[in-house]
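# Architecture and fold: a report
Each chain, letter by letter, is given below.
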Protein chains: 2
Amino acid sequence: MRQLEERIIADGKMLPGGVLKVGSFLNHCIDTKLLGDMAAEIASLYKDAGVTKILTIEASGIAIAAAAGMALGVPAVFAKKHRTTNVEGSVYMTIIHSFTHNEDYHVIVQRDCLDASDKILIIDDFLANGSALRGLIDLVTQSGAEVAGVAVCVEKCFQPGGDEFRAKGIRVDALASIESMTDDGQITFRS
Amino acid sequence: MRQLEERIIADGKMLPGGVLKVGSFLNHCIDTKLLGDMAAEIASLYKDAGVTKILTIEASGIAIAAAAGMALGVPAVFAKKHRTTNVEGSVYMTIIHSFTHNEDYHVIVQRDCLDASDKILIIDDFLANGSALRGLIDLVTQSGAEVAGVAVCVEKCFQPGGDEFRAKGIRVDALASIESMTDDGQITFRS
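So, here's what we can say about the structure. (Residues numbered from 1 in each chain as written. Chains lettered and ligands numbered in written order. Predicted model: local features only at pLDDT ≥ 70, side-chain atom pairs only at ≥ 80, totals over all residues. Heavy atoms only, no water.)

In this section: the interface of chain A and chain B. Think of interface size as the accessible area that goes away when the parts come together; that is how it is often given. At the junction of the two partners, chain A supplies 32 residues and chain B supplies 32 residues. Together, the buried faces of chain A and chain B total about 2500 Å²; carbon and sulfur atoms form 66% of this surface. Of all residues in chain A, the largest losses of buried area upon contact with chain B belong to H28(A), T32(A) and M70(A), amounting jointly to 28% of the total for that side. Joining chain A to chain B, the criterion identifies one salt bridge. Of the charged contacts in the structure, one is a salt bridge between K13(B) and D112(A), with a shortest N-O distance of 4.0 Å. Connecting chain A to chain B are twelve residue pairs in polar contact (both at pLDDT 80 or more). Contributions of two or more residues to the side of chain A that touches chain B are made by β3 (29-30), α3 (32-46), α4 (62-72), β5 (76-82) and β7 (103-110) of chain A. The biggest single contributor to the side of chain A that touches chain B is α4(A), with six residues. Of the residues that constitute the side of chain A that touches chain B, the class distribution is 17 nonpolar, nine polar and six charged. Looking at chain direction, β3(A) and strand β5 (residues 76-82) of chain B are connected through two bridges and run antiparallel. (Contact = heavy atoms within 4.5 Å. Buried area = accessible area lost by both parts, 1.4 Å probe. Salt bridge = Lys/Arg side-chain N within 4 Å of Asp/Glu carboxyl O. Polar contact = N/O pair within 3.5 Å; in protein donor to acceptor, adjacent residues only side chain to side chain. Helix = DSSP H or I, 4+ residues; strand = E, 2+ residues; numbered from the N terminus. Nonpolar A, V, L, I, M, F, W, Y, C, P; charged D, E, K, R; others polar. Pairing = 2+ DSSP bridges.)

Next up, the structure:
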């Protein structure tokens, strides 16, 4: 999606170590015009995929998941970070490793939010190591529902998450696919 | 907003102590048709208020803030919960008390997300004690921007937050205003 690539070049902040900050338009201050355009693009990609529900994880996936849900006309569920392993039987739970904070945390979804008959589109703002999305796929699997695909705003193709999912036969779509980033701020997109 | 009131009666779960669970349609599994209608209602209420930006707090305010931002054509900023008091000078920070977890937490917004010339509409899913919204108003005040108003999906009028803000001259709008809730699940809306 050229509009997003151009915005990343214009307003993204590249830091050493492959870190890309997009808080000024994507996941802190949200450009809602761009958000609507990204949601329309995701809806266009998945309009014939039989999606019944969207699943994301708090917090930075919520805006694009909700917007895509509006565009596709389906509900959007967000998995919640949970403080303890002590949960009721009414939830699905998985463990996600945060590379940012170097720790594991528990993530839950209420069982009545996911149904075995659902076809779930998993959405997030970023796909890099794939840790968060692996956890979301685990939650969908626990519910007996099907994964229709994974759609993200930005994939860092030089990190292994996306290719790991594709190798398992999971459909993965990224609105901007970053092939490489250099420490001095040069960015190359996969065409 | 009658549609939201009817949904609360149909699908809300009332628990003893004035607790209302709306996770099945508002803040865990999000009915995105209702979300769009709520956003349109907020946009209608504030269309002549000169709003330049929306501010909310992660996580459950993000969906309605992003949707209202799309409807009003302005950016939506979400304040982030922060682990430590150790922040860079590039952020505004405030402290919010969580009644749910009975603890204080730090909340930040990058300084370049708010400008002294901004007129900010503060949005959240719930208004009860007003603790989160008080923190968001503090962040706006620190930036020198103006508060255009506070819009929430659900106000619990039997808790003091909304009236505290109104007494200070702040405009407060709720799409559903709950006058009272009984422990046996009877709910009365303010007309």
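Now that the structure is up, let's keep going.
A separate point is α4(A). All names here are of chain A. Burial analysis of α4 places eight of its eleven residues in the buried class, the great majority of the element. Along α4, the residues that are buried comprise I62, A63, I64, A65, A66, A67, A68 and G69. Once α4 ends, the next one or two residues include G73, with phi positive near 75°. (Buried < 20%, exposed > 50% of the residue type's maximum accessible area, 1.4 Å probe, protein only.)

Attention shifts here to the packing of helix α1 (residues 2-11) of chain B against helix α3 (residues 32-45) of chain B. Helix-helix packing is described using two parameters, namely the angle between the two axes and the distance between the axes. Residues and elements named next belong to chain B. Following both chains from N to C, one finds α1 and α3 inclined at 140°, their axes separated by 10 Å at the closest point. In the crossing of α1 with α3, the sense of the turn from one axis to the other is left-handed. Counted together, Q3, L4 and R7 of α1 and L34, D37 and M38 of α3 form the full contact between these two elements. Residues of the contact of α1 with α3, tallied by class, amount to three nonpolar, one polar and two charged. (Axes fitted to C-alpha atoms, helices over the stretch in contact; angles between N-to-C directions. Left-handed = near helix turned anticlockwise from the far one by under 90°.)

Each copy superposes on the other: chain A lies on chain B with an RMSD of 0.0 Å after a rotation of 180° and an axial shift of 0.0 Å. What we have between these two chains is a two-fold relation. When the interface residues of chain A are mapped onto chain B, 100% of them again lie at the interface, so the same face is used by both copies. (Least-squares fit on C-alpha atoms with pLDDT ≥ 70 in both.)

As a further point, take the packing of α3(B) against helix α4 (residues 62-72) of chain B. Residues and elements named next belong to chain B. In contact at an axis separation of 8 Å, α3 and α4 are set at 55° when each is read in the N-to-C sense. Judged by the inter-axis angle, α3 sits oblique to α4. α4 is crossed by α3, and the crossing has right-handed handedness. On α4, the residues that touch L35, M38, A39, A40, I42 and A43 of α3 are A63, I64, A67, A68, A71 and L72. When its residues are assigned to classes, the contact of α3 with α4 shows twelve nonpolar, no polar and no charged. (Parallel < 35°, antiparallel > 145°, perpendicular 65-115°, else oblique.)

With that settled, the discussion passes to the nonpolar core. Core analysis: the largest hydrophobic core is formed by 82 residues, its most contacted members being L4(A) and L4(B). Residue contacts for L4(B): discarding those within four places in its chain leaves F25(B), L34(B), M38(B), C153(B), V154(B), L175(B) and A176(B). (Core = buried A, V, L, I, M, F, W, Y, C linked by side-chain atoms within 4.5 Å.)

This brings us to the state of the cysteines. Summed over all chains, the structure comprises zero disulfides over all chains. Counting only cysteine sulfurs, C113(B) is the nearest neighbor of C29(A), a cysteine outside any disulfide, at a range of 4.8 Å. Overall, C29(A) belongs to the buried group, its relative accessible area being 9%. A disulfide-free cysteine, C153(A) has its sulfur positioned 14 Å from the sulfur of C157(A), the nearest such atom. (Disulfide = S-S within 2.5 Å.)

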